[in-house]
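An overview of the molecular structure
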Amino acid sequence: YGGMGLDFSYNIAVAEELGSIRCGGIPMAIGVQAGMATPALTRFGSDELKKQFLAPTIAGDFVACLGISEAGAGSDVANIKTTAVRKGDEYIINGGKMWTTSGCQADWMCLLANTSEGPPHRNKSLICLPMNLPGVHVAKKIDKLGMRSSDTAQIFFEDVRVPSKNLIGEEGKGFTYQMLQFQEERLWGVATVLTPLETIIQETIDYTRQRKVFDQSVLHHQAVHFRLAELATEVELLRSLLYRTVALYVEGNDVTKFASMAKLKAGRLAREVSDSCLQFWGGMGFTSEVLVSRFYRDLRLMSIGGGTDETMLSIICKYMETLPSK
């Protein structure tokens, strides 16, 4: 379908290199295209669906978006309310999606919707939804704190008719398919923050070396260079966790626990590095003229998007069997 047939480690190599872009929004948009909206279609979609949606997406002719979160259901995917009711050879879709990356410009959406009245983990399906259909309303582009080069949309569906053949895989398996997609999404996100964190630390070293306070460089103070050394060590530890997780994933293992740990650590470390380094820049760090202030805003999303830190902790606890039984 136009891809190179390489294993997932190459996705991570690309994601890590995209971290060299001096903003968070562009790597995130590419990530939606390559590792968030398309894995389920690649793995479970019919040949016809792949030719219609996957091939032009790989070629860059189509922009894809992922329709999961709703106003009342972000990390709690099981609680989504959007419905896709089967009538003859069509699904009729009603509801809405929130925080949809690339939603204002997307050609199609990988949509998660309730297709039956069954249990919340077995009543959902993934559907390829063309965004030019009647009843699809892009309500607004959301104004955000960071990731400002990435459009984020609120979208409503009103009696949208989609051919039933646009179903990805089996009906009722959408929740499971999406949980698999989340693993690749989270690992991509971790990979994209490694280079920015290194860049922030290095630029802070360069700035504090030439910035003088009380007749000596800011970097000369032990509190500063020890802190930067600690942060650099944490970044390398995160990189090692990512590489181990990816190696296990390529071998076919369930990496839900390790991917959740990496996502949790990446979100927290992104906040820690950007906050600590911005502090060392002083008043200049509070301006829009330096990279550290942009990453301070952009990387804050890492602890929220793709599952909050708290959700990651719940998943880790589940795999460690530390949660109380019901």
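Starting afresh in each chain, residues are numbered from 1 along the sequence in its written order. The predicted origin of the model limits local features to residues at a pLDDT of at least 70 and limits the giving and counting of side-chain atom pairs to 80 or more, whereas totals for whole chains, interfaces and linings rest on all residues. Computation of side-chain values covers all heavy atoms of the structure but excludes hydrogens and water.

An unreviewed UniProt entry lists the protein chain under the name IVD dehydrogenase, with Grus americana given as the organism. UniProt positions are given in the numbering used here, feature names are shortened, and annotations may be inferred rather than shown by experiment. What UniProt records for the protein chain under Cofactor (unreviewed entry) is the sentence "FAD".

Quick look at the UniProt feature "domain: Acyl-CoA dehydrogenase/oxidase C-terminal" (unreviewed entry) in the protein chain now. Following the UniProt record, the feature "domain: Acyl-CoA dehydrogenase/oxidase C-terminal" (unreviewed entry) maps to residues 172–318 here. Segment residues 172–318 splits into 75% helix and 3% strand. End C-alpha atoms: 23 Å apart. The secondary structure listing takes helices from DSSP runs of H or I that are at least 4 residues long and strands from runs of E that are at least 2 residues long, numbered from the N terminus.

It is worth spelling out the layout of surface pockets at this point. In this analysis a 1.4 Å probe is tested at points of a 1 Å grid over the protein atoms alone, and where it fits but cannot get out there is a cavity; an open set with protein on both sides within 12 Å along at least five of seven lines is a pocket; lining residues have an atom within 4 Å of a point. Grid points are joined across faces, edges and corners, and a volume is the space filled by probe spheres set on the points. Considering only enclosed or pocket space, the second largest pocket measures out at about 860 Å³ in volume. Counting only elements with at least two residues in the lining of the second largest pocket, the list comes to α1 (8–18), α2 (25–36), α3 (39–44), α4 (47–59) and α5 (174–210). Per element, the largest residue contribution to the lining of the second largest pocket is four residues, and it comes from α1. Of the residues belonging to the lining of the second largest pocket, the class tally is twelve nonpolar, eight polar and three charged. Each residue is assigned to one of three groups, with Ala, Val, Leu, Ile, Met, Phe, Trp, Tyr, Cys and Pro labelled nonpolar, Asp, Glu, Lys and Arg labelled charged, and all others, Gly among them, labelled polar.

Turning next to the side chain of Q33. Position of Q33 among the secondary structure elements: in helix α2. By relative accessible area, which is 18% here, Q33 ends up buried. Among the polar contacts listed, one links the side chain of Q33 to the backbone oxygen of T57, at a separation of 3.2 Å. Here the side chain of Q33 touches F62 through a polar contact of 2.6 Å, landing on its backbone oxygen. Exposure categories follow from relative accessible area, calculated using a 1.4 Å probe and restricted to protein chains: below 20% of the type maximum is buried, above 50% is exposed, and the middle band is partly exposed. Polar contact is the term for a pair of N or O atoms within 3.5 Å; when the atoms are in protein, one must be able to donate a hydrogen and the other to accept it, and sequence-neighboring residues count only if both atoms are side-chain atoms.

With that out of the way, let us pick up a nonpolar patch on the surface. On the surface, M4, L6 and Y10 cluster together into a nonpolar patch covering about 370 Å² of accessible area. Tracing the sequence through the fold places M4 in the segment before α1. Judged by relative accessible area, M4 falls into the exposed class, the value being 72%. Nonpolar side chains (Val, Leu, Ile, Met, Phe, Trp, Tyr) are joined into patches within 5 Å and like charges within 9 Å, using only residues with over 30% relative accessible area and no salt bridge. For every accessible area listed, the method is Shrake-Rupley and the probe measures 1.4 Å; residues are considered covered only by the protein chains on display. A pair is scored as a salt bridge if a Lys or Arg side-chain nitrogen falls within 4 Å of a carboxyl oxygen belonging to Asp or Glu.

The subject of this paragraph is the UniProt feature "domain: Acyl-CoA oxidase/dehydrogenase middle" (unreviewed entry) in the protein chain. The residues that UniProt annotates with the feature "domain: Acyl-CoA oxidase/dehydrogenase middle" (unreviewed entry) are residues 65–160. Structurally, residues 65–160 comprises 0% helix and 51% strand, and the distance from its first C-alpha atom to its last is 17 Å.

Quick look at the packing of α1 against helix α6 (residues 222–250) now. Fitted lines through C-alpha atoms give the axes, limited to the stretch in contact for helices. The angle between two N-to-C directions lies from 0 to 180 degrees. In the contact formed by α1 and α6, the axes pass within 9 Å of each other and the chain directions differ by 155 degrees. Comparing their axes, α6 and α1 come out roughly antiparallel. Facing F8, S9, I12 and E16 of α1, the residues of α6 in contact are R239, L242, Y243, V246, Y249 and V250. Grouping the constituent residues of the contact of α1 with α6 by class yields seven nonpolar, one polar and two charged. Should an angle fall under 35 degrees it is taken as roughly parallel, and over 145 as roughly antiparallel, whereas 65 to 115 is taken as roughly perpendicular and any remaining angle as oblique. Working rule for contacts: check all heavy atoms of both residues, and any pair within 4.5 Å makes them a contact.

In this sheet, strand β7 (residues 152–163) lies alongside strand β3 (residues 90–101) in antiparallel orientation, the contact comprising nine bridges. By the bridge assignment for β7, T101 is matched with T152. Relative to β7, strand β6 (residues 136–141) is paired through five bridges, and the arrangement is antiparallel. By the bridge assignment, V138 is partnered in β7 with I155. Strands qualify as paired when DSSP identifies two bridges or more between them.

Take the environment of N123 next. As for its placement among the helices and strands, N123 is situated in the loop between β4 (108–114) and β5 (124–130). According to the relative accessible area criterion, N123 is buried, its value standing at 6%. In this structure the C-alpha to C-alpha distance between N123 and Q178, which are 55 residues apart in sequence, comes to 13 Å. Apart from residues lying up to four places away in sequence, N123 is in contact with A113, N114, T115, S116, G118 and G172. Within the structure, the side chain of N123 is placed 3.5 Å from the backbone oxygen of G118, a separation counted as a polar contact.

We now examine helix α8 (residues 291–298). Of the positions making up α8, those classed as buried are L291, V292, S293, F295 and D298. For α8, the elements touching its buried residues are α2, α5 and α7 (256–281).

Mapped onto the secondary structure, V32 falls in helix α2. Taking the C-alpha atoms as reference points, V32 and A64, 32 residues apart in sequence, are found 7.2 Å from one another. With near-sequence residues (within four places) excluded, V32 lies in contact with A37, T38, A64, C65, L66 and T101.

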